[in-house]
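Close look at the chain arrangement
Residues per chain, in single letters:
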Amino acid sequence: MQYAKRIKKNFIEKLHMGLDVLIASGSFIAAYLIKKYLIHGTYGGLSTAPNYYLMLGQIMVAWFIAEAFFTPYNGFARKKSIRIMCDNIKIISTVTAIIIILNFLFKIETSRLLLALFVVISLVLLQASKCFIKYLYVRHYNQTRNHVRVLIVGTKSRAKQVIDDTNTYKRHYKIIGCLDISSENTGAEVSNGVKVIGTLDDLKDIVTRCVVDE
């Protein structure tokens, strides 16, 4: 079960990273088109000296490096919007800094307005995509059928701590009950409405009757 969850988690993270790189690439292309065709006068147009295909490749590689370093997907479903925005700003700032340093080292003249447009567009699109994904996460986990159903063995302080932590930090988990060594405690409340539903001898019967994920 845990192995399957890790595989699923890694797959989802790779999809996130792929989407982010796609957004970054699209943002650079959009910035390029805006600077070249939509902005007129002194600030319009682009120099033909830089290789913009190479710059696009640099952005993609730098983005992979930045996301591997900052790991913005750890605990993504529990993050608030402001924390997600901070992660986006760190990644975009790092990518931009890498591009500026590379262009400086190789003496490539790059439009600062082009980079500014890239930063603004990528930040807006990235934040919008992350908010939408967060909404999908919340909607998914709020559905009862998607809750992870947990059965706790024990009723003492450690079991109570697990119940409290689960209710606080893992709201998509549903604790179906606790097992005790004595049948006398069946029906007694352990913590936060979670009750003793049987003994260790009832484990096989409970797992047969109920859906238990963990």
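So, here's what we can say about the structure. (Residues numbered from 1 in each chain as written. Predicted model: local features only at pLDDT ≥ 70, side-chain atom pairs only at ≥ 80, totals over all residues. Heavy atoms only, no water.)

**What to know about the nonpolar core**
Defined as follows: For our purposes a nonpolar core is just a set of buried Ala, Val, Leu, Ile, Met, Phe, Trp, Tyr and Cys residues, chained together by side-chain atoms within 4.5 Å. To sort residues, take the accessible area from a 1.4 Å probe on protein chains only and compare it with the maximum for the residue type: under 20% means buried, over 50% means exposed, and anything in between is partly exposed. Under the scheme used here, helices are H or I runs from DSSP no shorter than 4 residues and strands are E runs no shorter than 2 residues, and both carry numbers assigned from the N terminus. Any two residues whose heavy atoms approach within 4.5 Å are treated as being in contact.
The biggest cluster of nonpolar side chains holds 25 residues, and the ones touching the most others in it are Phe-28, Ile-59, Trp-63, Val-95 and Phe-118. Those elements giving two or more residues to this core turn out to be α1 (2–38), α2 (52–70), α3 (81–105) and α4 (112–142). Ranked by the residues each element gives to this core, the list is headed by α2, at 7 residues. Other than its neighbours up to four places away in sequence, Phe-118 contacts Ala-24, Ser-27, Phe-28, Ala-31, Ile-59, Trp-63, Val-95 and Thr-96. In terms of nonpolar packing, the next biggest core, distinct from the first, is built from 11 residues, Val-148, Ala-159, Val-194 and Val-196 among them.

**Overview of a nonpolar patch on the surface**
For clarity, the cut-off: Nonpolar side chains (Val, Leu, Ile, Met, Phe, Trp, Tyr) within 5 Å and like charges within 9 Å form the patches, drawn only from residues with over 30% relative accessible area and no salt bridge. With residues, only the protein chains shown are counted as cover, and all accessible areas are computed by Shrake-Rupley using a 1.4 Å probe. We count a salt bridge whenever a side-chain nitrogen from Lys or Arg sits within 4 Å of a carboxyl oxygen from Asp or Glu.
A grouping of Ile-29, Leu-33, Tyr-37 and Leu-38 is seen on the molecular surface, where their side chains present a nonpolar patch of about 410 Å² in accessible area. Its location among the elements puts Leu-38 in helix α1. Residue Leu-38 is classed as exposed on the basis of its relative accessible area of 62%.

**Observations regarding the pairing of strand β4 (residues 194–199)**
Note the threshold: A pair of strands is considered paired only if DSSP assigns at least 2 bridges between the two.
Bridge count for strand β2 (residues 173–180) against β4 is 3 bridges, and the pairing is parallel. Each residue of the ladder has a partner; that of Leu-179, found in β4, is Gly-198. Two strands pair when backbone bridges link them, and strand β3 (residues 189–191) and β4 are joined in this way by 2 bridges, in the antiparallel orientation. Counted as the bridge partner of Ser-191 is Val-194 from β4.

**Concerning the sheet that holds β2**
Our working definition: All axes here are fitted lines through C-alpha atoms, helices being fitted over the stretch that makes contact, and every angle between N-to-C directions spans 0 to 180 degrees.
Judged by pairing direction, the sheet is mixed, and its 4 strands sit side by side in the order β1-β2-β4-β3 without closing on themselves. The outermost strands of the open sheet, each flanked by one partner alone, are β1 (148–153) and β3. Taken pair by pair, the neighbouring strands of this sheet meet at an average axis angle of 40°, ignoring direction.

**Some details on α4**
Worth spelling out the cut-off: The span expected for a helix works out to 1.5 Å for each residue beyond the first. Think of a polar contact as two N or O atoms within 3.5 Å of one another; within protein, one of them needs to be a possible hydrogen donor and the other a possible acceptor, and neighboring residues in sequence only count if both atoms come from side chains.
Between its terminal C-alpha atoms α4 stretches 44 Å, which fits the 45 Å expected from 31 residues at 1.5 Å a residue. For α4, the side-chain oxygen to backbone nitrogen distance between the N-cap and Leu-113 is 3.3 Å, and the N-cap itself is Ser-111.

**What to know about the side chain of Asn-103**
For Asn-103, the location among the structural elements is in helix α3. Setting aside residues up to four positions removed in sequence, Asn-103 forms contacts with Met-55, Gln-58, Ile-108 and Thr-110.

**Overview of the packing of α2 against α4**
For clarity, the threshold we go by: Orientation is classified from the angle alone, with under 35 degrees giving roughly parallel, over 145 giving roughly antiparallel, 65 to 115 giving roughly perpendicular, and any other angle giving oblique. If you view the pair so one helix is near and one far, a crossing is left-handed when the near helix is turned anticlockwise from the far one by less than a right angle, and right-handed when it is turned clockwise. Classes in brief: Ala, Val, Leu, Ile, Met, Phe, Trp, Tyr, Cys and Pro nonpolar; Asp, Glu, Lys and Arg charged; the others, Gly included, polar.
Where α2 contacts α4, the two axes come as close as 14 Å, and the packing angle between them is 45°. On the basis of their axis angle, the class for α2 and α4 is oblique. You can see that α2 and α4 cross each other, and the crossing is right-handed. Residues Tyr-52, Met-55, Ile-59 and Trp-63 of α2 touch α4, and the partners they reach there are Leu-114, Leu-115, Phe-118 and Leu-126. Classifying every residue of the contact of α2 with α4 by side-chain character gives 8 nonpolar, no polar and no charged.

**Focus on α3**
The end-to-end C-alpha separation of α3 is 36 Å, in line with the 36 Å expected for 25 residues at 1.5 Å each. Regarding α3, the residues found buried are Ile-84, Asp-87, Asn-88, Ile-91, Ile-92, Val-95, Thr-96, Ile-99 and Asn-103. Summarising the contacts, the buried residues of α3 are in contact with α2 and α4. Lys-107 occupies a position one or two residues after α3 and carries a positive phi of about 55°.

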